[in-house]
Amino acid sequence: MPIDFLEIDGKYLEGGGQILRNALSFSCILRRPVRIVNIRANRPNPGLSNQHLFGLNLLVQITDAQVNGNQMKSTQVEFNPGKIKHGKYFVNTQTAASISLVLQTALPVLAFAGGKSELELVGGTNVGMAPQVDFLTEVLRPNLEQLGVSFDFDLMTRGYYPRGGGRCKVYVPPVKCLKPINLTEFGQVQETVGWCFVAGRLPPNLADNMKSSAEKELATLKNIPPCQLEAYKESPEVARDNGSGVILKATTSSGCVIGSSTLGEKKVDAHELGSKAGLELAQLISQQVCVDQYVQDQLIIYMALAKGQSKILTTPLTNHTKTAIYVAEKMCGARFTEEKVNEHHVLLTCQGIGYTSQN
């Protein structure tokens, strides 16, 4: 009997890897065969790249999926999943491919497995064009916990571009169904914390410079507690290669957790890195944004599956978020509405489908 594939157009809006990741995650959870065409059509090198292929092949393992097109640079994939299996999984990208993006693909799927899963990932932990793992654990995870999803994260080593080699273990407990999220009241800032790091041959004073520049931007805010930022150099056991970055977050009395981050390139301007991250978080706080622009798109799949109506007060929607909404509405029938509040705020509402785990 021929398989009835739902077709998703990979060149929609931002036309990147997120369409692939979200469509595959939905496919596994809903047991819905999917055909994704024009994969990453709007990128300089279209088709599957390393990190997309590793995420795809991980989902093949987790669901015993039948798959066509899982080769490098493939622009079309047909994916027909079986039942989600909890267990231990291992992925070694052998490059600096982003661990965070592989985890983004697998996390919602493993959350609906029948038991606790362990995922060991090797690759890039802090690399460009992807969330740093610290942002996932410090900023994204508290937001996901409001929906009922969580994970434990052990970082053994960090991996930077170009060699990668970072290693972590992620433990994902199962859930039966997801709760709706409601983040529309900002409240009062209770704490502002952050981490400014260097690694490899970079001198520790660069981390101090990042810290002082971030603190300078945050000091412009009134009526918030003093920020608590750490500046440090990673030990050679944790990070062997050169790397640098800043991760900042603010937590409010109403349960909002917002953040910003910057990552150093080859030539590190430490003051610029600290200033950029500090200014970004200061703006989010002064505008009283409840969900930042980096978390908003990552909540879409969970809001769509949750039981009941979710609402978030966030920044104007990014193309990543609009793309995630397109995939969610097409894959599962959830309905999103966007209401512009003012130039800084959008109220995003979702009527979730109330999915209950079949495992």
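The chain appears in an unreviewed UniProt entry as RNA 3'-terminal phosphate cyclase from Musca domestica. Regarding the chain, the UniProt comment filed under Sequence similarities (unreviewed entry) reads as follows: "Belongs to the RNA 3'-terminal cyclase family. Type 1 subfamily." What the UniProt record of the chain gives under Catalytic activity (unreviewed entry) is the line "a 3'-end 3'-phospho-ribonucleotide-RNA + ATP = a 3'-end 2',3'-cyclophospho-ribonucleotide-RNA + AMP + diphosphate".

**Q** Quick rundown of the layout of surface pockets? Include the residues and the values.
**A** By volume, the largest pocket is sized at about 1400 Å³. Looking at the largest pocket, it is lined by 47 residues, and the ones nearest its centre are Val127, Gly128, Met129, Ala130 and Pro131. Among the secondary structure elements, those contributing two or more residues to the lining of the largest pocket are α1 (17-30), α2 (50-63), α3 (99-111), β13 (257-263), α6 (270-286) and α7 (293-305). Of all the elements, α6 adds the most residues to the lining of the largest pocket, at 5 residues. Along the lines of polarity and charge, the residues of the lining of the largest pocket split into 16 nonpolar, 20 polar and 11 charged. When its volume is computed, the second largest pocket comes out at roughly 410 Å³. For the second largest pocket, the lining is made up of 17 residues, of which Tyr161, Asn242, Gly264, Glu265 and Lys266 are closest to its centre.

**Q** Lay out the packing of α3 against helix α4 (residues 133-145) in plain terms, naming residues and giving numbers.
**A** Where α3 meets α4, the closest approach of the two axes is 10 Å, and the angle between their N-to-C directions is 25°. For the element pair α3 / α4, the angle class is roughly parallel. Note that α3 runs across α4; the crossing there is right-handed. In this structure, α3 uses Ile99, Ser100, Leu103 and Leu107 to contact α4, whose residues at the interface are Val133, Leu136 and Leu144.

**Q** Tell me what's going on with the UniProt feature "domain: RNA 3'-terminal phosphate cyclase insert" (unreviewed entry) in the chain, and back it up with residues and numbers.
**A** If you check UniProt for "domain: RNA 3'-terminal phosphate cyclase insert" (unreviewed entry), the listed places come out as residues 184-285 in our numbering. Between the C-alpha atoms that bound residues 184-285 there is a distance of 14 Å. The span itself is 29% helix and 33% strand.

**Q** Please give an account of the packing of aromatic side chains that cites residues and values.
**A** By the definition in use, this model includes 4 aromatic pairs. Ring plane angle 85° and centroid distance 5.0 Å describe the contact between Phe112 and Tyr355, whose orientation is recorded as edge-to-face. Here Phe112, found in the loop between α3 and β6 (117-123), pairs with Tyr355, found in the segment after β16 (346-351); they are 243 residues apart in sequence, far enough to count as distant. Here Phe112 and Tyr355 have matching classes, each one buried. For the ring pair Phe135 and Tyr294, a centre distance of 6.0 Å and an interplane angle of 85° mean the geometry is edge-to-face. Remark: Tyr294 occurs in helix α7 and Phe135 occurs in helix α4; sequence separation between them is 159 residues. Tyr294 sits in the partly exposed class, given a relative accessible area of 34%. Over the ring of Phe151 we find Arg141, and its NZ or CZ is 5.2 Å from the ring centre. The ring of Phe197 carries Arg158 above its face, with NZ or CZ at 5.4 Å from the centroid.

**Q** Go over the pairing of β6, please, and point to the residues and values.
**A** In terms of burial, β6 is a largely internal element, 7 of the 7 residues being buried. Residues Ser117, Leu119, Leu121 and Gly123 line one face of β6 and the alternating positions Glu118, Glu120 and Val122 line the opposite face, and both faces are buried. Across 5 bridges, the pairing between strand β5 (residues 88-92) and β6 is parallel. Of the residues in β6, the one forming a bridge with Lys88 is Glu118. Pairing geometry for β6 and strand β8 (residues 166-172), over 7 bridges, is antiparallel. Its bridge partner lying in β8, Glu120 is registered against Lys169.

Criteria and thresholds
Along every chain, residues carry numbers that run from 1 in the direction the sequence is written. Note on the predicted model: pLDDT of at least 70 is required for a residue's local features to be given, and 80 or more for side-chain atom pairs to be given and counted; whole-chain, interface and lining totals, by contrast, use all residues. Processing note: side-chain calculations cover all non-hydrogen atoms of the structure and skip hydrogens and water entirely. UniProt positions are given in the numbering used here, feature names are shortened, and annotations may be inferred rather than shown by experiment. In this analysis, the protein atoms alone were mapped onto a 1 Å grid. Cavities are point sets where a 1.4 Å probe fits without being able to get out; pockets are open sets with protein on both sides within 12 Å along at least five of seven lines; lining residues have an atom within 4 Å of a point. Grid points are joined across faces, edges and corners, and a volume is the space filled by probe spheres set on the points. Going along the chain from the N terminus, every DSSP run of H or I of four or more residues is numbered as a helix, and every run of E of two or more is numbered as a strand. Put simply, Ala, Val, Leu, Ile, Met, Phe, Trp, Tyr, Cys and Pro go in the nonpolar bin, Asp, Glu, Lys and Arg in the charged bin, and everything else, Gly too, in the polar bin. Note on geometry: axes are lines fitted to C-alpha atoms, helical ones only across the stretch in contact, with angles between N-to-C directions running from 0 to 180 degrees. When an angle is under 35 degrees it counts as roughly parallel; over 145 it counts as roughly antiparallel; between 65 and 115 it counts as roughly perpendicular; any other value is oblique. What makes a crossing left-handed is the near helix being turned counterclockwise from the far one by less than a right angle; a clockwise turn instead makes it right-handed. Whether two residues touch is decided by their heavy atoms; if any such pair falls within 4.5 Å, the residues are in contact. Working definition: a ring pair exists when centres of Phe, Tyr or Trp rings (six-membered ring for Trp) sit within 6.5 Å. Plane angles under 30 degrees give stacked, over 60 give edge-to-face, the rest tilted. A simple rule labels every residue: compare its accessible area, found with a 1.4 Å probe on the protein chains alone, to the largest value its type can have, and call it buried under 20%, exposed over 50%, or partly exposed in between. The rule is short: NZ of Lys or CZ of Arg within 6 Å of the ring centre and within 35 degrees of the ring normal puts a charge over the ring. Pairing between strands is defined by DSSP: at least two bridges between the two strands are required.

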